[in-house]
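Geometric and topological summary
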Amino acid sequence: MKPDFVPEDVVLRALKILEDKNIIAHFFQAEKNGQIDRDGIDFLIFLENGLCLPLQVKRGKKALASHFRKHPHVKFVIIVSRDRPERIANSIRRMICKIPELKKPLGRILMRNT
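Residues numbered from 1 in each chain as written. Predicted model: local features only at pLDDT ≥ 70, side-chain atom pairs only at ≥ 80, totals over all residues. Heavy atoms only, no water.

**A closer look at the pattern of salt bridges**
To keep it simple, the criterion reads: One speaks of a salt bridge when a side-chain nitrogen belonging to Lys or Arg is within 4 Å of a carboxyl oxygen belonging to Asp or Glu. Under the scheme applied here, a residue whose accessible area is under 20% of the maximum for its type counts as buried, over 50% as exposed, and between as partly exposed, the area being computed with a 1.4 Å probe on protein chains only.
Within the structure shown, the criterion is met by 1 salt bridge. R84 is the salt-bridge partner of E86, the closest N and O atoms lying 3.6 Å from each other. You can call R84 exposed: its relative accessible area is 56%.

**Considerations on the side chain of D37**
We apply this condition: Strands are runs of DSSP state E lasting at least two residues, helices are runs of H or I lasting at least four, and both sets are numbered from the N terminus onward. In this tally, Lys and Arg are treated as positive and Asp and Glu as negative; His is ignored, and so are the chain termini. In what follows, a contact means two residues having at least one pair of non-hydrogen atoms within 4.5 Å.
Inspection of the secondary structure assignment puts D37 in helix α2 (residues 35–38). No salt bridge is formed by the buried D37; its nearest oppositely charged neighbour, K32, is found at 4.6 Å. Those residues in contact with D37 that sit more than four places away from it in its chain are A30, E31, K32 and D42.

**Considerations on the environment of K32**
Tracing the backbone shows K32 in the loop between β1 (26–29) and α2. Looking at K32, the relative accessible area reads 68%, which means it is exposed.

**Some points on the packing of helix α1 (residues 7–20) against helix α4 (residues 85–97)**
Our working definition: Inter-axis angles, ranging from 0 to 180 degrees, are taken between N-to-C directions of lines fitted to C-alpha atoms, where helices are fitted over the stretch in contact. Note on angle classes: values under 35 degrees are labelled roughly parallel, values over 145 roughly antiparallel, values of 65 to 115 roughly perpendicular, and the remainder oblique. In this scheme the crossing of two helices becomes right-handed for a clockwise turn of the near helix relative to the far one and left-handed for an anticlockwise turn of less than a right angle. Lys, Arg, Asp and Glu make up the charged group, whereas Ala, Val, Leu, Ile, Met, Phe, Trp, Tyr, Cys and Pro make up the nonpolar group; the residues left over, Gly among them, are polar.
It is the contact of α1 with α4, at a shortest axis distance of 8 Å, that shows an interaxial angle of 65 degrees. Considered as vectors, α1 and α4 are oriented roughly perpendicular to each other. Along this stretch, α1 crosses α4, giving a crossing that reads as right-handed. In contact with V10, V11, R13, A14, L15, I17 and L18 of α1, α4 contributes P85, E86, I88, A89, I92 and R93. Among the residues forming the contact of α1 with α4, the class breakdown is 10 nonpolar, no polar and 3 charged.

**Some remarks on the environment of S91**
Along the chain, the position of S91 falls in helix α4. Residue S91 is classed as partly exposed on the basis of its relative accessible area, which comes to 24%. Between the C-alpha atoms of S91 and I78, which are 13 residues apart in sequence, the distance is 8.2 Å.

**Section: the nonpolar core**
Under the convention used in this document: Working definition of a nonpolar core: buried Ala, Val, Leu, Ile, Met, Phe, Trp, Tyr and Cys residues. They are joined through side-chain atoms within 4.5 Å.
Grouped together as the largest cluster of nonpolar side chains are 22 residues, with contacts concentrated most on V11, L15, I78 and I92. Going through the elements one at a time, α1, β2 (43–46), β3 (52–58) and α4 are the ones with two or more residues in this core. Every residue in contact with L15, bar those within four places of it in the chain, is listed here: I24, F27, F43, I45 and I92.

**Observations concerning unusual backbone geometry**
A positive phi is found at N22, a non-glycine position, where the angle reads about 60 degrees. Following the sequence through the fold, N22 ends up in the loop between α1 and β1. You will see that N33, though not glycine, has its phi angle at about 65 degrees, which is positive. Its location among the elements puts N33 in the loop between β1 and α2. Judged by its relative accessible area of 53%, N33 is exposed.

Have a look at this one:
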């Protein structure tokens, strides 16, 4: 039986809002217990500049320490309570806007990393 509240479902709806508004290019939801899910990623968010953001969804702050211990490479985590998808979409949008690499043209990022 599926629980009444599934945080990933709320984030899925939020990402559809962001995609419809052209804030993100696309997104992909990891298959439950698939390789990407086991690597600590619930969603891959594809940004307009070609970068990809791995996102983990958690119900509460208690799970954060365990997540970062198991998956230190997945830095973007959103805690979802019973928020509306619009509110979660705003939180994800703000998270994306804070990424320093997005303030530079993609060519500069690629040149710096080579």
